[in-house]
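# Coordinate inspection notes
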Amino acid sequence: MSTQQPSNTSLSNTPRSRRFRNTLAALTLSLVAGASGLHGAVATEYLLGPQDKVRLKIYEWRASKDSAFGWPALNDQFTVGADGTLSLPFVGEIDAAGSTTGALGTAIGNLLMTHMGLGRPPNVAVEVVQFRPFYVVGDVKSAGEFPYRPGLTVLQALSIAGGLRTRDDGTGRLTREVISGRGDLSLLTLSGINLMARKARLEAELNNADEIAFPEQLTKRTQDNAATIAMEQERLIFKARQDGIKTQIQALGDLKDFLAKELQALEEQLTLYDKQIELVEKELTGVSSLVSKGLTAAPREMSLERTVAQIRGDRLAAETAVFRARQEISRADISILEAKNKHATEVSESLRETQAQMNEISRKAQTAVQMLHDSEVTTPRLLAQSRNEEAQPSYTIVRPMPDGTASEFAATETTALQPSDTLKIKIPLSPIEEDSLAILNESGLSDLPAMRTPSADAQAAATSTQTQ
């Protein structure tokens, strides 16, 4: 028996033939689904597809030993890949999508016979241990993903999802959600007001304005205490920060003026030293002339020379003090510039953070408005159901197609589902629900892009989170 590693170069496993069989299988599934929608559930043999998990059992009868030989490397569970193939030892990749378990077992046996050099194909049993899922969404208790089983109908799928949603399941919860949603919007409103006031104050600081120019969203809220308090607080902060930076710059300016006066005094002192040196040197010249003629004593000349040296030393110290004073004046100028730049940088960073927080508040408010809308629209529906005015649910199946699109069609309770189907269940509005929804629409709740809600708090939150 040959033991070389199997390859998947079989003509029946080429990409072109694989695509053809997948398309043919998908068309077959669509025709079966259409027949099921018209005549109810039809028992058809299950066709494999991606995400299906199968178990293989492979045995070979060896007459020479009068016993059955198992294939332990292949007696295992395998999952159909996204491309519809199974990857098996000694076989390689084999098409599974669109095949029945029997057809797949026959194909695997034939490939093993070819690749392993057997006299006849071994017996291959294929068992589906986990079917690929289907999905249920809409007015059910437990929407989500569920494992498929052959012969599944819409009514059975509804029971798997927990049945239709009733008042006891959602009314109390949704009422709490409405109250909580309005509270969240009220908090978002307050946060939006504070952030808008802070942004206006930071812009005034950045532009060195004398007062804050608050946006119209705040100034027109004359009856809103929160807006009034926020604007007043920002005015106080603006004045305190303005006074603080002015005091800091004024102190540095006063230091600069003091250093300038000190510099002026030192420069005048240098002038006096130069005059003293000139006078003493003139006297020294005369005394030196007399000493050379023997008309005066030499100590007098030496005393004048010491005086000149001392005055020059004092002048050098004063000149050093002049340089130091000029350096301190330059440092004061740099400190003033650094104070202004630091203030501008802090304001710019705070303004950027404030704008980011406003954007976050706006997104949160939009989400809260949408959630409140869902709660306040769904609650009247559930209340209407509790008064025995429940309408019959409608069923829609969304079925993926081989070309990547989806086919959507109406179904009944007896319609058979296929793997990967999405079942949408919706309870139509009753007359009372229509009236409730009309009242909500008249309040502007349906105008979500403008962030309008049926309550005053929600309306205020939506308005406050919009920025210019």
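Notes on the structure in this doc start here. (Residues numbered from 1 in each chain as written. Predicted model: local features only at pLDDT ≥ 70, side-chain atom pairs only at ≥ 80, totals over all residues. Heavy atoms only, no water.)

## Quick notes on the nonpolar core
In summary, soluble globular proteins display a tendency toward joint burial of nonpolar side chains. Formed by 41 residues in total, the largest nonpolar core has its most connected members in L86, L88, I108 and V136. The set of elements that each furnish at least two residues to this core consists of β1 (53-62), β4 (85-88), α2 (101-116), β6 (123-130), β7 (133-138), α3 (154-160), β9 (394-400) and β11 (422-426). The dominant element in this core, judged by the number of residues it contributes, is α2, at five residues. What V136 contacts, discounting residues up to four positions off in sequence, is A143, G144, F146, A157, A161, L423 and I425. One finds I193, L195, A227 and L372 within the second-largest nonpolar core, a separate group that totals 21 residues. (Core = buried A, V, L, I, M, F, W, Y, C linked by side-chain atoms within 4.5 Å. Buried < 20%, exposed > 50% of the residue type's maximum accessible area, 1.4 Å probe, protein only. Helix = DSSP H or I, 4+ residues; strand = E, 2+ residues; numbered from the N terminus. Contact = heavy atoms within 4.5 Å.)

## Focus on the pairing of β11
In β11, alternate side chains face the same way, and those of L423 and I425 are buried while those of T422, K424 and K426 on the opposite face are not. Bridge count for β7 against β11 is four bridges, and the pairing is parallel. Counted as the bridge partner of Y135 is T422 from β11. (Pairing = 2+ DSSP bridges.)

## What to know about the pattern of salt bridges
Under the defined criterion, the tally for this structure stands at 16 salt bridges. R132 serves as the salt-bridge partner of D52, at 2.5 Å between the closest nitrogen and oxygen. With D52 in the loop between α1 (15-39) and β1 and R132 in the loop between β6 and β7, the pair connects residues that are 80 residues apart, well separated along the chain. With relative accessibility at 0%, the residue D52 sits in the buried group. On the accessibility criterion, R132 (6% relative accessible area) is buried. Across the pair K424 and E408 runs a salt bridge, and its minimum N-O distance is 3.1 Å. Note that K424 is positioned in strand β11 and E408 in strand β10 (residues 406-411), a separation of 16 residues in sequence. Accessibility expressed as a relative area gives 51% for E408, which makes it exposed. (Salt bridge = Lys/Arg side-chain N within 4 Å of Asp/Glu carboxyl O.)

## Focus: the sheet that holds β11
Read across the open sheet, the five strands follow the order β8-β7-β11-β9-β10; overall the sheet is mixed. Only two strands of the sheet have a single partner each, and these edge strands are β8 (144-147) and β10. Strand-to-strand twist in this sheet, taken as the mean axis angle between neighbours without regard to direction, amounts to 25 degrees. (Axes fitted to C-alpha atoms, helices over the stretch in contact; angles between N-to-C directions.)

## With respect to the side chain of E234
Position of E234 relative to the elements: it lies in helix α6 (residues 225-293). Residue E234 is classed as buried on the basis of its relative accessible area, which comes to 9%. A distance of 2.8 Å separates the side chain of E234 from the side chain of R201, its partner in a polar contact. If we skip the residues at most four places from it in the chain, E234 touches N194, A197, R198, R201, I212 and F214. (Polar contact = N/O pair within 3.5 Å; in protein donor to acceptor, adjacent residues only side chain to side chain.)

## Points about α2
Over its 16 residues, α2 extends 22 Å from the first C-alpha to the last, a length consistent with the 22 Å expected when each residue adds 1.5 Å. Three or more residues of α2 are buried, namely L104, G105, I108, G109, L111, L112, H115 and M116. What you see down the axis of α2 is that its buried residues fit within an arc of 165 degrees, all on one side. Against the buried residues of α2 lie β1, β4, β5 (92-95) and β6. Taken from the residues just after α2, G117 is the one with a positive phi, measuring 70 degrees. (Expected span 1.5 Å × (residues − 1). Arc of directions from axis to C-beta.)

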